[in-house]
Amino acid sequence: ISGVRDVHADHAASHIGKAQGIVTCLRATPYHCTRQKVFLPMDICMLHGVSQEDFIRGKQEKNVRDVIYDIASQAHIHLEHV
């Protein structure tokens, strides 16, 4: 938008965008769950033994929190790259 033509700025913006997308998905999870939808990566959920139904029912057990932590950690990794 500002006319900056720099590969490093593009790379940083890419990582910021990915981190923001991940965080937005996490923040919207309670809302989506009230509508019986879960948009979290199922491979991470299965790794911790969590089902979509666990999120929809609002469970807050350790394995559900571990899924959220792992996904949030991915956002943090993107921010570290910036």
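As recorded in an unreviewed UniProt entry, the protein chain goes by the name NDUF6 factor, listed as coming from Probosciger aterrimus.

## Comments concerning the overall build of the protein chain
Counting its regular elements, the protein chain contains 4 helices and 0 strands. Ordering the α and β elements of the protein chain from the N terminus gives α-α-α-α. Taken over C-alpha atoms, the radius of gyration comes to 15 Å for the protein chain, far larger than the 12 Å a tight globule of 82 residues would show. The principal-axis extents of the C-alpha atoms in the protein chain amount to approximately 45 × 25 × 15 Å. Burial status across the protein chain gives 22% buried among its 82 residues. The contacts of the protein chain with a sequence gap of at least 6 include a subset with a gap of at least 24, amounting to 43%. Of the accessible surface of the protein chain, which amounts to about 6000 Å², a share of 57% is contributed by carbon and sulfur atoms. Of note, the protein chain has its 9 positive side-chain charges centred 8 Å away from the centre of its 9 negative side-chain charges.

The rules behind these values
Residues numbered from 1 in each chain as written. Predicted model: local features only at pLDDT ≥ 70, side-chain atom pairs only at ≥ 80, totals over all residues. Heavy atoms only, no water. Helix = DSSP H or I, 4+ residues; strand = E, 2+ residues; numbered from the N terminus. Rg over C-alpha atoms; globule rule 2.2 N^0.38 Å. Buried < 20%, exposed > 50% of the residue type's maximum accessible area, 1.4 Å probe, protein only. Contact = heavy atoms within 4.5 Å. Areas by Shrake-Rupley, 256 points an atom, 1.4 Å probe, with all protein chains shown as cover. Lys, Arg positive; Asp, Glu negative; His and termini not counted. Charge placed at Lys NZ, Arg CZ, Asp CG, Glu CD.

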